[in-house]
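Results of the structural survey
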Amino acid sequence: MRTALSIAGSDPTGGAGLQADLRVFQAHGVHGSGVVTALTVQDTRRVHQVIPVLPSIVLDQLRVLLDDFSPDAVKIGMLGSDDVKRSVEVGLDALPPNIPIVIDPILNASDGTPLLERQAWKGLKGLFERCTLATPNLAEAELLTDMKLESRADCERAAEVLLFDFGCGAVLIKGGHRIGKPDDLLALKDSGSARFEWLAGHWIDSGRVHGTGCALASAVTAQLARGQPLDKAVNHARQWLIAAIDDAQTVGAGASLLVTRNFVP
Ligand code: PLP
């Protein structure tokens, strides 16, 4: 049985965070394990409170788990605090070097609530260096690189910074709709320089849907855990996410939630 590990925050709505990641892993035929980094108090309208887990407990969760078995891929989501981020870095030292890691660099919720304290942002480099793929949205790519992204060329420059200054293996910048078509940019390292692939998207008029970023990153992670190469993992995850957004359902008074049906290639 293939397994994937999500290192993420708890979202009581089940629409994002660890609860959603485990469902996404299951939809892609992978057993999900999870290390909690933070509790949140939230409903489908907004995040009310963020409570980081004690850093030593995050480290203990990782140490004990990784001493028992090694996942086939790892996803890093919400980290909450700088100290928790450091615990994750130390805890991941026990992971064999060939295991793919996907980082979704969550900085703020869509209602603006900070999900990672500001002093941790620059230090994300240390984690990025170990990651196979980073999946920032446009706003996160802007905040991390301190660049304004208004064109495709700007996105490609930001992706280069994330590849070569932050040091991750590949970058997927999501949410291109703000600068025209809703395409995503996949940037890969190719003998010392960046190779760009613009992945065509189409606009889905589904209102506000919660947890789409989490779901895309965890779907890619599950696909990598199944042994798919990165470009195929990204394509499968995007194809699956479009259906999950199309099917999104309203369960509360705020954003609707994804419906995570089983992935069929
Ligand atoms: N809560 C947790 C635990 C999350 O991981 C995320 C996702 O990124 C959010 C809340 C925010 O979700 P949204 O971007 O839909 O507001």
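Residues numbered from 1 in each chain as written. Predicted model: local features only at pLDDT ≥ 70, side-chain atom pairs only at ≥ 80, totals over all residues. Heavy atoms only, no water.

Describing the site of the ligand
In the vicinity of the ligand there are 14 residues, among which Q42, S110, H210, G211 and C214 approach most closely. In this structure, G211 approaches the ligand through a main-chain N or O atom, which is 3.2 Å from an oxygen atom. Against a free-state accessible area of 400 Å², the protein chains account for coverage of 89% of the ligand. (Near = heavy atom within 4 Å. Polar contact = N/O pair within 3.5 Å; in protein donor to acceptor, adjacent residues only side chain to side chain. Areas by Shrake-Rupley, 256 points an atom, 1.4 Å probe, with all protein chains shown as cover.)

Quick look at the environment of D72
Secondary-structure assignment places D72 in the loop between helix 2 (55–68) and strand 4 (73–76). Sequence separation of D72 and V30 is 42 residues, and the distance between their C-alpha atoms is 9.4 Å. For D72, the contacting residues outside a window of four places in its chain are M1, R2, T3, I99, P100 and A225. (Helix = DSSP H or I, 4+ residues; strand = E, 2+ residues; numbered from the N terminus. Contact = heavy atoms within 4.5 Å.)

Overview of unusual backbone geometry
For D146, which is not glycine, the phi dihedral falls at a positive 60°. A relative accessible area of 69% means that D146 is categorised as exposed. Here the phi dihedral of S191 falls at roughly 35°; this positive angle occurs in a residue that is not glycine. You can call S191 exposed: its relative accessible area is 75%. (Buried < 20%, exposed > 50% of the residue type's maximum accessible area, 1.4 Å probe, protein only.)

Overview of helix 2
For helix 2, which comprises 14 residues, the first-to-last C-alpha distance of 20 Å matches the rise-based estimate of 20 Å (1.5 Å per residue) to within 8%. Of the positions making up helix 2, those classed as buried are V58, L59, L62, L65 and L66. Looking straight down helix 2, one finds that the buried residues subtend no more than 140° of arc, so they occupy a single side. With respect to the buried face of helix 2, the exposed residues turned more than 90 degrees away are V64, D67 and D68. (Expected span 1.5 Å × (residues − 1). Arc of directions from axis to C-beta.)

Concerning the environment of A222
Mapped onto the elements of the fold, A222 is located in helix 7 (residues 212–225). Look at A222 and you get buried, because its relative accessible area is 0%. For A222, the residues in contact, after removing those within four places along its chain, are F25, H28 and V30.

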